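The primary structure of each chain is shown beneath.
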Amino acid sequence: FIGLGLVRAWHRPRNEEQQRTRILVPDSAHGTNPASAARCGFTVESVPSGPDGCIDLAALERALHPDKDGRLPAAVMVTNPNTLGKFEREIVKVAELTHAAGALLYYDGANLNAIMGKAKPGDMGCDIMHFNLHKTFSTPHGGGGPGAGPVAVKAFLEPFLPVPVIVEHNGKLLLSYDRPLSI
């Protein structure tokens, strides 16, 4: 929910919020992604996998264009490794295509445990990622409640994070509510 709120908030100051209403979800992504995107008011579109079980790049590229009503994608939600257990070998290309279309790449960390210490979602080009603490770090489901857990973002999305945030000031840690763009 927070990650998708960040997607919407990032497009708002660009005056694109009304036209960027689509979330592209590969059919190999975690099954909760379409439900989460729909719950947040986005239109969900599935992107098929290729014969290798990974995202079909040609299909993704077509989906990144405006639809018949001129609506654009706000984000692409990927799970890597995907639900078939395949590492998306072309994830950097997915990120490049997504960013070239003006959308964000959202990484569902459902299978993060498979790449811990081996690969970094930020290096793959992912802009937003949520962690599934119960899978990756063996905590109670959702870190204490269903669907709860940490969200990581690239630095350019920091102004949109929920408040308060912890800041250091004169050697002290303080709570800051000074985030006018916060969701």
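The shown structure was predicted, so the numbers you read here are calculated from the model rather than taken from an experiment.

**Focus on the overall build of the protein chain**
Within the protein chain, the secondary structure is distributed over six helices and eight strands. The helix and strand sequence of the protein chain, counted from the amino end, reads α-β-α-β-α-β-α-β-α-β-α-β-β-β. For a compact globule of 183 residues, the expected C-alpha radius of gyration is about 16 Å, and the protein chain comes in at 17 Å, within 12% of that figure. Oriented by its inertia axes, the alpha-carbon framework of the protein chain measures out at about 55 × 40 × 25 Å. Taking all 183 residues of the protein chain together, the buried fraction comes to 43%. Considering only intrachain contacts with a sequence separation of at least 6, the fraction spanning at least 24 residues in the protein chain is 54%. Within the structure as shown, the protein chain displays about 9,500 Å² of accessible surface, and the carbon and sulfur contribution to it stands at 56%. If the 18 positive side-chain charges of the protein chain are averaged to one point and the 18 negative ones to another, these points end up 3 Å apart.

**A word on unusual backbone geometry**
Of the consecutive residues Asn80 and Pro81, the connecting peptide bond is found in the cis state with omega at 0°. Tracing the sequence through the fold places Pro81 in the loop between β3 (72-79) and α4 (91-100). Looking along the chain, the bond that leaves Val163 and enters Pro164 is cis, with omega of 0°. For Pro164, the location among the structural elements is in the loop between β6 (151-153) and β7 (165-169). The residue Asn15 is not glycine, and still its phi comes out positive at about 55°. Note that Asn15 resides in the loop between α1 (2-11) and β1 (20-26). For Asn170, which is not a glycine, the phi torsion comes out positive at approximately 55°. What makes Asn170 exposed here is its relative accessible area of 69%.

**A short note on the pairing of strand β4 (residues 104-109)**
A large share of β4 lies buried, amounting to six of its six residues. Of the two faces of β4, both are covered, the one formed by Leu104, Tyr106 and Asp108 as well as the one formed by Leu105, Tyr107 and Gly109. Taken together, the five bridges between β3 and β4 define a ladder with parallel strand orientation. Bridging across to β4, Val76 finds its partner in Leu105. Between β3 and its parallel partner β4, the chain crosses via α4, and the hand of that crossover is right-handed. In this structure, β4 lies alongside strand β5 (residues 128-131), joined through four bridges in parallel fashion. The partner of Gly109 across the bridge, within β5, is Phe131.

**What about the pattern of salt bridges?**
With the rule as written, the count across this model stands at six salt bridges. For the salt bridge of Arg20 with Glu16, the shortest nitrogen-to-oxygen distance reads 2.9 Å. Asp67 is the salt-bridge partner of Arg71, the closest N and O atoms lying 2.6 Å from each other. A relative accessible area of 18% places Asp67 in the buried class.

**Here we look at α4**
Turning to α4, its buried residues are Ile91, Val94, Ala95, Leu97 and Thr98. Taken down its axis, α4 places every buried residue within 165° of arc, on the same side. On its buried face, α4 is in contact with α3 (57-63), β3, β4 and α5 (121-124).

**What to know about the nonpolar core**
Residues Leu60, Val78, Leu105 and Tyr107 are the most contacted members of the largest nonpolar core, which totals 21 residues. Those elements that provide at least two residues to this core are α3, β3, α4 and β4. Per element, the largest residue contribution to this core is four residues, and it comes from α4. Ignoring anything within four residues of it in the chain, the contact list for Leu105 reads Val76, Val78, Ile91, Val94, Ala95, Thr98, His99, Gly125, Cys126, Asp127 and Ile128.

Criteria and cut-off values
- Residues numbered from 1 in each chain as written.
- Predicted model: local features only at pLDDT ≥ 70, side-chain atom pairs only at ≥ 80, totals over all residues.
- Heavy atoms only, no water.
- Helix = DSSP H or I, 4+ residues; strand = E, 2+ residues; numbered from the N terminus.
- Rg over C-alpha atoms; globule rule 2.2 N^0.38 Å.
- Buried < 20%, exposed > 50% of the residue type's maximum accessible area, 1.4 Å probe, protein only.
- Contact = heavy atoms within 4.5 Å.
- Areas by Shrake-Rupley, 256 points an atom, 1.4 Å probe, with all protein chains shown as cover.
- Lys, Arg positive; Asp, Glu negative; His and termini not counted.
- Charge placed at Lys NZ, Arg CZ, Asp CG, Glu CD.
- Pairing = 2+ DSSP bridges.
- Right-handed = clockwise from strand over helix to strand, strands pointing away.
- Salt bridge = Lys/Arg side-chain N within 4 Å of Asp/Glu carboxyl O.
- Arc of directions from axis to C-beta.
- Core = buried A, V, L, I, M, F, W, Y, C linked by side-chain atoms within 4.5 Å.

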